[in-house]
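Residue-level structural notes
What follows is each chain in one-letter form.
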Amino acid sequence: MSDTRLSVLKTYKLYVGGKFPRSESGRVYEVTTKTSAAGAAGKGKWLANAPLSSRKDARDAVVAARKAFGGWSGATAYNRGQVLYRVAEMLEGRRDQFTREVADAEGLSKSKAAAVVDATIDRWVWYAGWTDKIAQVVGGGNPVAGPFFNLSSPEPTGVVAIVAPQESSFLGLVSVLAPVIATGNTAIVVASENSPLPALSLAEVLATSDVPGGVVNVLSGRTAEIATPLAAHQDVNAIDLAGADEVLAKELEIAAADNLKRVLRPQPVDYAETPGTDRLTAFLETKTVWHPTGSLGASGSSY
């Protein structure tokens, strides 16, 4: 019996509505390793054929995200924290796989890639801990003149399109995705164009965790081709332009203005640094409720 065997090559697929479809266009594109640890241009060995998403795939992802929004936004903050922590558990179990994929995607040594993966898992845990605490930071009771309770509380914006960072294909991706879903939004992720494999593998983790289908949808392909219809889509409520270059960001921002989407503009970010609460609050709305305290007697409130 021969000791040699053919490797079983992995078929990467999109992640839409909790399922793994191929692009409806049937197109794929080649993904190769980076040849420089410094991130310089260069192509290495062939890794896989990634799905080349179409405008139809983007529209399908929006439908899935909208369908999932009611249940996810209506879940308790504590429950969302449990779900995010479960994702971190699953990532920990597949740490070696992601180390290989990040090393290939970003041109890193195995040790540096392992450090990136560890930081990414820690980032999931960090945001999991914020789900039931952010309301205490940005909400509260407001002093008003009159016999009323005046309470402000944060609520998710809705469906958020995310143009993932191009260079930081895993840590950067999680740093922009986790805060969106931690606060009750649903997401459509446009993965790094040249390094989409960590994002597509993350989708497999999400599918085998407790994240409901449609809460996160992952598309790969040409960033401009996918992001443009998402920015113009009337059922997308917000867009994060983290991975868009200056020219594309301007075009997307103009398209997003048609239905007054919230837009988070691209900015220099060191994803290795501990994040603040900016991305948690970027896609939250504030709901303020007035409620009478009760009838007032001569001595003041009856409460």
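Whatever comes next refers back to the structure up there.
What counts as what
Residues numbered from 1 in each chain as written. Predicted model: local features only at pLDDT ≥ 70, side-chain atom pairs only at ≥ 80, totals over all residues. Heavy atoms only, no water. Phe/Tyr/Trp six-rings, centres within 6.5 Å; stacked < 30°, edge-to-face > 60°. Helix = DSSP H or I, 4+ residues; strand = E, 2+ residues; numbered from the N terminus. Buried < 20%, exposed > 50% of the residue type's maximum accessible area, 1.4 Å probe, protein only. Salt bridge = Lys/Arg side-chain N within 4 Å of Asp/Glu carboxyl O.

With that settled, the discussion passes to the packing of aromatic side chains. All told, the structure shown has 5 aromatic pairs when counted by the stated rule. Ring centres of Phe98 and Phe170 lie 4.7 Å apart, and the angle between their planes is 5°; this geometry places the pair in the stacked category. Highlighted residues: Phe98 in helix H3 (residues 95-106) and Phe170 in the loop between strand E5 (159-163) and helix H6 (171-182), separated in sequence by 72 residues. Each member of the pair, Phe98 as well as Phe170, is classed as buried. A ring pair is formed by Trp126 and Trp130, whose centres lie 5.8 Å apart and whose planes are at 55°; its orientation type is tilted. Placement of the pair is Trp126 and Trp130 together in helix H4 (residues 110-130), with a separation of 4 residues, close to one helical turn. What links up through ring pairs into an aromatic cluster is the set Trp126, Tyr127 and Trp130.

This part takes up the pattern of salt bridges. Tallying each qualifying case throughout the model produces 14 salt bridges. Taking the shortest distance from any N to any O, the salt bridge between Lys34 and Glu167 comes out at 2.4 Å. Of this pair, Lys34 sits in the loop between strand E1 (28-32) and strand E2 (46-51) while Glu167 sits in the loop between E5 and H6; the two residues are 133 residues apart in sequence, bridging distant segments of the chain. In this structure, the salt-bridge partner of Arg262 is Glu285, at a minimum N-O distance of 3.3 Å. Of this pair, Arg262 sits in strand E9 (residues 262-264) while Glu285 sits in strand E10 (residues 284-292), and the two are 23 residues apart along the sequence. When salt bridges that share partners are traced, they join Lys10, Arg94 and Glu204 into one network.

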